[in-house]
Every structure is written in C-alpha cells, then in structure tokens.
Amino acid sequence: MRTAVIQFGGSNCDRDVVHVIEEVCGADADLVWYKDGLNRSYDAIILPGGFSYGDYLRAGAIAARTPIMGDVIRAAGKGTLVLGICNGAQIAAESGLIPGVFTINAYPKFLCRPAYLRVENTTSPFTRLYSEGEVVMFPIAHKEGRYIIPADELARLEKEKRIAFRFCDESGNVTWTANPNGATGNITGVLSEKENVLVMMPHPERAAEEILGSADGKKIFDSMIAYVEES
Amino acid sequence: MLSAEDLTIIRSRLGRDITPLEAVAFENLWSEHCSYRSTKALLRTLPTDGENVVIGPGDDAAIVRFTDTTALAIGMESHNHPSYVDPYDGAATGVGGIVRDIISMGARPIALMDPLCFGTLDSEKTRHLFEHVVSGIGDYGNCIGVPVVRGDLIFDESYQGNPLVNVVAVGVVDPDSVITGRVQKPGNRLVLYGSRTGRDGLGGASFASRDLSEDSEAEDRPSVQVGDPYTEKLLIEATMEMCATGKVLACRDLGAAGFAGASSEMSSTFGARIIADRVPLRETGMNEIEIMLAESQERMLAEVAPEDLAAIGAIAEKYDLSWADVGEVIAEPRYIVEFNEKIVCDLPIDLLVGGTPACRWETKPYSAEEPFRRPEEDIRTLCKKVLSHPECAAKDWVFSQYDHDVQLRTVSLGPDAGVLRLDGLALHFTCGCNPRHIYLRPREGTANAVLENASNLACYGADPLCIVDCLNFASPVHPEIAWQIEESILGMGEMCRRLNVPIVGGNVSLYNESDEFETRIKPTPMLGVIGKGDLRTFAPPQEGATLALIGRTEPDLGGSILDCVTGCGGPAPAVGSVETVQTVRDLVRNGGLAAVTDLSRGGLLTALAKIAPRSSVSIEGDPVVALFSESYARFLVVVDDRSILKGIPHTVLGTVGGDALRIRSGDEEVVLTPADLREASRTITDLMRID
C-alpha cells in the first residue's frame, strides 16, 4: 500500500502516522506538503491530526479550503481510501467528505485520555479485521471533537451502517457517561457512502504498539493494507 | 530605569553620555533576569560538568549526551510575572519561549514538564489563575505537538499574589549537528525570521526583575506578550529544515530583551552591526527602542553566510514566515545599531553582554520551625483531610488538558516519573521541590528536593542524567531571603555532588512578592530532572504480595501536608540517605520488586493509596508519625518473595488484597474504602470542573 500523509502547516501527527505505516505495519508512506498538491496516485490518503492553521476560525475550516483538498476529494470520488484522524476528521467534515460536523466538546476543554470504542461496522476497508461489537481502546486528544448531525441524516447513517465507532464503557455499553465529548449518539467514527472514507476523532496511530498502552488501532491500518492488496 | 550606580559605571567606561536606545538596552541586559547579577557568584558553586555534558549553562539550552547517536537539548524557564498579569498568554508564551531555546540548538522538541505553584484554591482569584494557566499551557503545547509528560502542583498561600509557572523543555539532536548561540565568522549575515515585530512585551526583562505592585495588572499589560502557537509550529519546522541544510552557523531565539538581547548575546564572540530599519514590522511608526526591545513572540535569529541567504529565506517562505537580513557579524567587539541612517547605539559588546557588575546582598539566618502540637482529630479524619489536600489528590483535571501522547514516545506518566521511549531506552522526567520544607530548612530542604527527584527515578531503576532548575525566590533585598537563596543553592550543589549529577541550565526568578497580598513566596528552587535507564513495565501487584517500607521514618511533620491541614508544626526533615535511594534503584534493576513508589507529600498514607488501595497493613508506634511523616529516602515496595529484602533495613507492613485499605494501629483499625479514596481524590476536579 502506498500512502500519502498530508502535511498542513499545523499538522503534528503526520510523522506519527508515517512511523506506524512504515515501521509498525511495513507499508509505504510519503509525507506530502499541502502546498505541493498530490502529484501521483496513491492507494490511500491520510489526513493526520494536529492544528492545521492553528484551528483558527474553526478546526479544519481553513485547511478544507486549500487546493490540495480538491485533489483529495477527487481521489476519494475515484475510490481511493481516505482516513481522517482527529484534525484530519475535522478537515474532512469541513470538506463535505462525510455528513455532520465536529464542534467544541460539551465540557469545553481539551481532553486527552484513553477511550473505549465499540466497533459498529466490520465491512469497510478500514474495519474489516475487527469483529462486530468488539470493544477497543484508542486515545483521544481533542477540544472540538463533538460530532453533531441532524436527526434525519443520522437515521440514514444508521440505516446504511456508516457509523464505524461509538464511545462506550469498558464492557461495550454505549452510555452517556461513556461519552467524553457529548457527541450525538456517542458517534466518533463515520464512513462515507461508498465506505472508502473514514473520519474519526480517536487516534489509531497512538494505539498501534503495546508498549504505548494499546495495539487495538493497528487493525485499522492492517485492514487498509489487506483491502488494497486484494483489490 | 537604570540605577544611578549603573549609569555612573557605564558613563565612566564610555567617557560619554548614552543614547536612549543604549540606556534601554543596558536596563534590560543588566537586569537580574538576563544577567543573574545577584546570584552569579553563588551559581558558580554548582557542579555543571560531567562526562555526558556537551554544552553546560550559558547557551539557549544545555546539550547532554544520551547515546552515541542522540543528544538531548534541555532548558528550563520561568514565566511567573506575566502569568499573574495575564495567566493564559503568560503561561502560553512561557512554553513558546523555552521551546524556541530548544530549536535554536538545532534540536526537535520532544517533551515538556510544567511545575506550577498557586495560592490556595479557596480563593476565586487562584482558581481563575489556575484554570487559565493550565489552558494556556495546553493550548500552546498541544498545538505545537510537544507532549507535556510531567508536572508538579503546589498550593500555598505564599503564592497568592505570585503564581509560579515554570517550564522544562527537552529536545533531541544528532550530537554532530548541534548549533550554538555564538556567531562564528565576521562577514556573515544575521537573518531574523518568524513573526513580524510589533509593540508587544516592551521591557519584559526589566519587568520580570521587580515585584508586582497592586495595579500591575492594568499598568503592566503591555509588558505581556501574546503567543501564536501556529506560527511557533511553523517556526519549529522551518528551523529544523534550515538546520538540516548545514547552512545555519549559529542560532538564537528572541526572548527577554527582544532583538537587542538576542543579537548582542549571539554576537558577543565578535561584534555586530544591526540595521534596525530592516526588521519586518507589524505596525507603523515604531522607533528604534520599540523595534530593538519589543518581545513579540515566535522570532528567531540565525547566522548565515552571505551566499546562503536565498536558500534560508526560501525555507522561511515555504512556511509563510517573514524574514530579513538585518545585519552582519563584524570583527570589532562592538555592538552597533543603525536606524534611519544614523548610529543609535555603539557599545563595547563586552560591556553590554557580561559586563554587569555583580551585587551582593546582606544575609541573615532565620528560624521558622515550631514545636509539634498533636492534632486533636482521630486518625481516620486526618487520613481523609490529607488525601483530599489538592497536592495529594488526583491531577487528571490538569493532565487531561495536555496532549501527552503526541510523537508516540510516551510509555507512562507515572506514578513517580514520566517515561518516554528513546533509542530503545527509557528517558525519564521528574520535577518538583517542597517549598514548605525548604522554607523551614533551606539547605537541607533543597538537598532533599534533589534527592526526592532521584528517588522518583530510582523507582524505575534509573539514574539522574542531568538537572535544570528555576530558582524562584522573593526579593534578595530582605536579608532573610538572601540567606534562603544562598543556603538553597549550597544545599543543591552538595546533593548534586553526592549523586554525581550536573546542573546544566535554568534560570533565576527573584522579586516574587506581592504588595497586594503582602506575601513573599516560599523559597522555590524548582528542579527538572532527566533520567536514563532501561524500559520496564510494571503489572498491578498480585493479591497476597507483601508490602514493606524501606528507609527510616522520623517525626518529620513540619512543612508536611498534615501540617498544612492541621497546623501541627514540628521539625522539617533532615537530609535523606543517598545509600537507601541507590539500594532501591538496584532492587528495581534486579527485577525484585513487583511494585514500588517513593514516599513524599502525604507520607506513607498517600503512597499506600497510590499503589496499594486494597491492602491490609499494621503500623508500629505513633500512627501520626508513621502515616504522615515526610522523611525523605523512603519507599513503599511490593514483593512476591520477602527474601529479596534480606540484608536491607525494612519494615514489613502487611499484604496486598481485600476490599479496602485497612490500616491497623494498636487496637484501632482505620478502613478507607475505594469510595472513600475516590471521593478524597476528587478535590481538584470538584473545585475546577463546572459542567
């Protein structure tokens, strides 16, 4: 799998994602500076976490309007895998790659801690190595991670099984107390219509090695690699 | 204002009167903040050298060898005064400043520590300061992608009008690619890059060197800078890319005393001619004093050969940073500034930088220990009071606001030290000191602060590699404070020599006293200690394992958390045993301990609550001393096999397991259920979190 990891001025998880793809998963990754644009085709594009444009105005809002996002949207339209993590999820939502928005947490402070997630979709190229209902632990680190979506669009997402992850407790119960940011329906991972775009607030790259506390997130990258190798 | 004495010295050396810019340059560069004029002689007594020290104190940051292929850049700074006037921006720019010190050595910043001191949390003002200082650190550090991996929190009424915000930053650099802050060759150009210069933060260095008056919040606001972490992130990446070209010959960040400070200090190996008109400005109509002294954030100065200007400028432009060729290195030892085609400053560079006359202060010892008065409450009540003191309670309200995982090195945040993986080894972070003990016995207390940090590292089988410090004190014009400073620095040096660990950098922050609250801070020689060892992981202790205490307990209740909550008084601890700390370090290295933590604030009780919240123990002798004494060099350990402790003086306390923390003393048993411990630990969250 050849991956482009897009580097905006305020990206700060770009190198972390490259490390996991190359050193932990054994695939290839190029860091692509946002001003350079996408000059070749990739199997997957990752929008990493950070504070593109300092999160000024609204997290992800300015980055979503850069020319490279036009390249990303076009690639997504052709079926290229696009994974938006944290700030990358905010950029993808601001770009209209998925419905809904991410806004400031219910308790309006930055929140960095491990979170339990329940896997809701196991058919997508990102989640096929998980089992349905599996409880995984990924760290979260965000201040504007509360996913909001109108009721009618939510119903459609649920019907189309496009919710990838929900916050839950250790035993997999999706409860209000297990919701760290006030997201609608505890949702924190959403797929596009064709399932080739996944946006999520938790950081799978921070959960890819046991020594750092969890290896549950590695399956996302491994799923992507398996999907690309099959297709 | 420059003092009359200083002005006389300068005039007699120059044989002329000085220009307005020269006067302001001297006022700032000769301030305590930049020149350490009242502490220089004492600082020279500290051990600063060692086999791993590549660059010691004096540059932007120290360089210490970690492995053959990796060196660490380490710095520590205070941002105390600005954080009182504007807690959010004051704390944020404190992070920004020390991070730039790291990148100016050519190093990529990998971690931060933030020891903080505030007044007591019953004051609304303290809660306001606390909330916004934490937000300021978080928002800045999170945005630039440097994890905060450790901190310390002290709440004491002496900080009511002077919170302390200290920051430690650590970076990594190839030992062969270190860049220093000293220019190398006449004829080279000086490139200023980063943010444009505005009128912010004028005279910050001299502001930091006096005490805060009642209306300082309103009057001094122009002295506090506003940070822009997004630009700082760009500055980090641009500097890393510039340094990688090998074309940056020297580099310095613009901090205290702005462009004048950075350019004169950086050029002091030769001399410099600066063209002030070339500085990229954000505002119009700025005069030469404003341009040279403004403390606008996120700016760097680099020495570049003339033929490399375009290449370095192109990198600045890639990151949308402004840049300009603002002057040249000259062979003559002079510091010349031109503005509007006139020379507005022309000084012997050694007079401006390093020419500050030292001053001495009269010292007078004091004695503040009080006899012990036994508290009247029962042991259970005392236990709950001590555990719910904010220094013993959980700190997650603070820590969850910092991104501590970014960069994928963070293995653990505690209980005793932050642990990062680096080159297959563990890099440990610990910081802190105990100002209440140091107030009662400045010399022993500071020696113990060094030992306590080494004890934290011993819990991981690690040794201290180096130390940085922020020496925060009240005003040395008071002879008692001057004595405190002297004793404290001497005590620090003594313990560093015994542990064979160098002090490689730091700063001094004096005049931390408040007219408004009539307070002087307790002596706070805050330490940041970096350790090195093997990577180890610990599993939770098994049921039935033995709990034991290593180290000697004395009735040291003066300055303890029990003293804080009851006013019981008593003696402060004597200097702890270095041998005990080393014994425990070796036990960990040999793999004999299932769990270990060192005893510090809150004594044995908080250690039990931390690593053995479900266990049964019996204590001998006076339970007040056994549970709450804060004697140093003591460790609570869990062992599966007791024979491992043979030959090591220890006391068996009990066993791990059960449904609660049960403490038996004579006929009495105190039971602290998990719910009791949880409730006690919520103090900070309950006070600060409003949903």
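Residues numbered from 1 in each chain as written. Chains lettered and ligands numbered in written order. Predicted model: local features only at pLDDT ≥ 70, side-chain atom pairs only at ≥ 80, totals over all residues. Heavy atoms only, no water.

Just so we agree on the cut-off: UniProt positions are given in the numbering used here, feature names are shortened, and annotations may be inferred rather than shown by experiment.
In the nomenclature of an unreviewed UniProt entry, chain B corresponds to Phosphoribosylformylglycinamidine synthase subunit PurL from the organism Methanocalculus taiwanensis. Under the Catalytic activity (unreviewed entry) heading, UniProt states for chain B: "N(2)-formyl-N(1)-(5-phospho-beta-D-ribosyl)glycinamide + L-glutamine + ATP + H2O = 2-formamido-N(1)-(5-O-phospho-beta-D-ribosyl)acetamidine + L-glutamate + ADP + phosphate + H(+)". The UniProt entry for chain B carries this comment under Sequence similarities (unreviewed entry): "Belongs to the FGAMS family."

Under an unreviewed UniProt entry, the name given to chain A is Phosphoribosylformylglycinamidine synthase subunit PurQ, and the organism recorded is Methanocalculus taiwanensis. The UniProt entry for chain A carries the following comment under Subunit (unreviewed entry): "Part of the FGAM synthase complex composed of 1 PurL, 1 PurQ and 2 PurS subunits." The Subcellular location (unreviewed entry) comment attached to chain A in UniProt states, word for word, "Cytoplasm".

**A word on the UniProt feature "binding site: Mg(2+) 1" (unreviewed entry) in chain B**
Residues and elements named next belong to chain B. Quick note on the threshold: A run of DSSP states H or I qualifies as a helix once it reaches four residues; a run of E qualifies as a strand once it reaches two. Both are numbered from the N-terminal end.
Summarizing the sequence annotation, UniProt attributes the feature "binding site: Mg(2+) 1" (unreviewed entry) to Glu77 and Asn507 in the numbering used throughout. Separation in sequence by 431 residues is not matched in space for these annotated residues, since their most distant C-alpha atoms are only 5.8 Å apart. Mapped onto the secondary structure, Glu77 falls in strand E3 (residues 71–78). On the secondary structure map, Asn507 appears in strand E18 (residues 503–509).

**Remarks on the packing of helix H15 (residues 379–387) of chain B against helix H24 (residues 674–681) of chain B**
Residue and element names in this part refer to chain B. Put simply, the rule reads: For helices, the fitted axis covers only the stretch in contact; all axes are lines through C-alpha atoms, and the angles between them, taken along N-to-C directions, range from 0 to 180 degrees. Should an angle fall under 35 degrees it is called roughly parallel, over 145 degrees roughly antiparallel, and 65 to 115 degrees roughly perpendicular, with every other angle called oblique. Contacts between residues were defined by any pair of non-hydrogen atoms, one from each residue, lying within 4.5 Å. Side-chain classes follow a simple rule in which Ala, Val, Leu, Ile, Met, Phe, Trp, Tyr, Cys and Pro form the nonpolar group, Asp, Glu, Lys and Arg form the charged group, and the remainder, Gly included, forms the polar group.
Packing of H15 against H24 leaves a shortest axis separation of 8 Å and a crossing angle of 45°. Here H24 runs oblique to H15, going by the angle between their axes. Only Asp676, Leu677, Glu679 and Ala680 of H24 make contact with H15, whose side of the interface consists of Arg380, Lys384 and Leu387. Residues that form the contact of H15 with H24 fall into these classes: 3 nonpolar, no polar and 4 charged.

**A closer look at the interface of chain B and chain A**
Using the following cut-off: Once two parts are put together, the accessible area they lose, assessed with a 1.4 Å probe and summed over both, is termed the buried area. The rule for a salt bridge is simple: a side-chain nitrogen of Lys or Arg has to be within 4 Å of a carboxyl oxygen of Asp or Glu.
Counting from both sides, the interface comprises 38 residues of chain B and, opposite them, 30 residues of chain A. Buried area between chain B and chain A, both sides added, is near 2700 Å², and the carbon and sulfur share of it is 55%. The tally of links from chain B across to chain A stands at 6 salt bridges. Residue Lys143 of chain A is joined to Asp139 of chain B by a salt bridge in which the shortest nitrogen-to-oxygen separation is 3.2 Å. Going through the elements one at a time, helix H7 (124–144), helix H10 (229–244), helix H13 (309–318) and strand E14 (410–412) of chain B are the ones with two or more residues in the side of chain B that touches chain A. At 6 residues, H7 of chain B tops the list of elements feeding residues into the side of chain B that touches chain A. Of the residues in the side of chain B that touches chain A, the class split is 14 nonpolar, 9 polar and 15 charged.

**Section: helix H5 (residues 218–230) of chain A**
Heads up, the condition is: A helix is expected to reach a length of 1.5 Å times the quantity of its residues less one.
Look at H5 of chain A: 18 Å from first C-alpha to last across 13 residues, which is about the 18 Å you get at 1.5 Å a residue. Buried-residue contacts for H5 of chain A involve helix H1 (14–24), strand E3 (44–47), strand E4 (81–85), strand E7 (135–142), strand E9 (163–168) and strand E11 (197–200) of chain A.

**Concerning the domain arrangement of chain B**
We count it as follows: For the domains described, the bounds stem from an automatic or database domain assignment.
Under the domain assignment, chain B is made up of domain 1 (1–30 + 179–354) and domain 2 (538–679). Put simply, the middle of domain 1 of chain B and the middle of domain 2 of chain B, counted by C-alpha atoms, are 52 Å apart.

**Some thoughts on the pattern of salt bridges**
Residue and element names in this part refer to chain B. Inclusion rule: Only protein chains enter the calculation, and the probe is 1.4 Å; a residue is then buried if its accessible area is under 20% of its type maximum, exposed if over 50%, and partly exposed in between.
Inspection of every chain in the model, using the stated rule, returns 65 salt bridges over all chains. Across the pair Glu669 and Arg662 runs a salt bridge, and its minimum N-O distance is 3.5 Å. A residue is classified by how much of its surface remains accessible, and Glu669, at 35% relative accessible area, is partly exposed.

**Quick word on the environment of Ala238 of chain B**
Residues and elements named next belong to chain B. Considering the arrangement of structural elements, one finds Ala238 in helix H10. Among the residues examined, Ala238 registers a relative accessible area of 0% and is labelled buried. Sequence-distant contacts of Ala238, defined by excluding residues within four places in its chain, comprise Ile315, Tyr319 and Leu321.

**Concerning the environment of Lys40 of chain B**
Residue and element names in this part refer to chain B. Note on placement: Lys40 falls in helix H4 (residues 40–43). When the C-alpha atoms of Lys40 and Met492 are compared, they prove to be 15 Å apart, with 452 residues separating the residues in sequence. Those residues in contact with Lys40 that lie beyond four places of it in its chain are Ser35, Gly354 and Thr356.

**Considerations on the UniProt feature "active site" (unreviewed entry) in chain A**
Residues and elements named next belong to chain A. Just so we agree on the cut-off: Only protein atoms enter the 1 Å grid used here, on which a cavity is any set of points holding a 1.4 Å probe that cannot leave and a pocket is any open set flanked by protein within 12 Å on both sides along at least five of seven lines; residues with an atom within 4 Å of a point are listed as lining.
When the UniProt feature table is mapped onto this chain numbering, "active site" (unreviewed entry) sits at Cys86, His203 and Glu205. The annotated residues occupy 120 residues of the chain but converge on a single region, no pair of C-alpha atoms lying more than 11.0 Å apart. Residues from the named set that contribute to the lining of the largest cavity are Cys86 and His203. Position of Cys86 relative to the elements: it lies in the loop between E4 and helix H3 (87–94).

**Observations concerning the packing of aromatic side chains**
Rule in force here: Note on ring pairs: Phe, Tyr and Trp rings are taken, using the six-membered ring of Trp, and paired if centres are within 6.5 Å. Classes follow the plane angle, with under 30 degrees stacked, over 60 edge-to-face and the rest tilted. The criterion for a charge sitting over a ring is simple: Lys NZ or Arg CZ within 6 Å of the ring centre, and within 35 degrees of the ring normal.
Tallied over the full model, the rule gives 19 aromatic pairs over all chains. For the pair Phe26 of chain B and Trp30 of chain B, a centre-to-centre distance of 5.1 Å together with 80° between the ring planes defines the contact as edge-to-face. Judged by its relative accessible area of 1%, Trp30 of chain B falls in the buried class. Of the aromatic side chains, those joined through ring pairs into one cluster are Phe8, Trp33, Tyr34, Tyr53 and Tyr56 of chain A together with Tyr230 and Tyr319 of chain B. One residue, Arg40 of chain A, lies across the ring of Tyr42 of chain A, its end atom 4.9 Å from the ring centre. Over the face of the ring belonging to Tyr107 of chain A we find Arg689 of chain B, whose NZ or CZ atom lies 3.9 Å from the ring centre.

**A word on the pairing of strand E12 (residues 334–339) of chain B**
All names here are of chain B. As a reminder, the rule being used: For two strands to be treated as a pair, DSSP must find at least two bridges joining them.
Burial analysis of E12 places 5 of its 6 residues in the buried class, which makes it a mostly covered element. Here E12 pairs with strand E13 (residues 342–348) via 6 bridges, running antiparallel. Bridging across to E13, Arg334 finds its partner in Pro348. Hairpin connection between E12 and E13: a loop of 2 residues separates the two successive antiparallel strands, and Asn340 in this loop has a positive phi of roughly 55°.

**Here we look at the sheet that holds strand E2 (residues 28–33) of chain A**
Strand pairing in a sheet takes place through backbone hydrogen bonds and is either antiparallel or parallel in direction. All names here are of chain A. Here we have 9 strands laid out as an open sheet, ordered E2-E1-E3-E4-E11-E10-E9-E6-E7, and mixed in their pairing. A single partner strand is all that each edge strand has here, and the edge strands are E2 and E7. Along the sheet, successive strands turn relative to each other by an average axial angle of 25°, direction set aside. Sheet contacts for helix H2 (residues 67–77): strand E1 (2–7), E2, E3, E4 and E11; angle to E3, the most-contacted strand, approximately 135°.

**Thoughts on the side chain of Glu513 of chain B**
Residue and element names in this part refer to chain B. Which entries qualify depends on this criterion: Under the counting rule used here, the positive set is Lys and Arg, the negative set is Asp and Glu, and His together with the chain ends is not counted. Pairs of N or O atoms within 3.5 Å make up the polar contacts considered here, provided that, within protein, one atom can donate a hydrogen while the other can accept it, and that residues adjacent in sequence are counted only when both atoms are side-chain atoms.
Residue position: Glu513 is located in strand E19 (residues 513–514). One buried charged residue, Glu513, forms no salt bridge at all, with the nearest opposite charge on Arg520 at 4.3 Å. Of note is the side chain of Glu513, whose polar atom sits 2.8 Å from the backbone nitrogen of Ser475.

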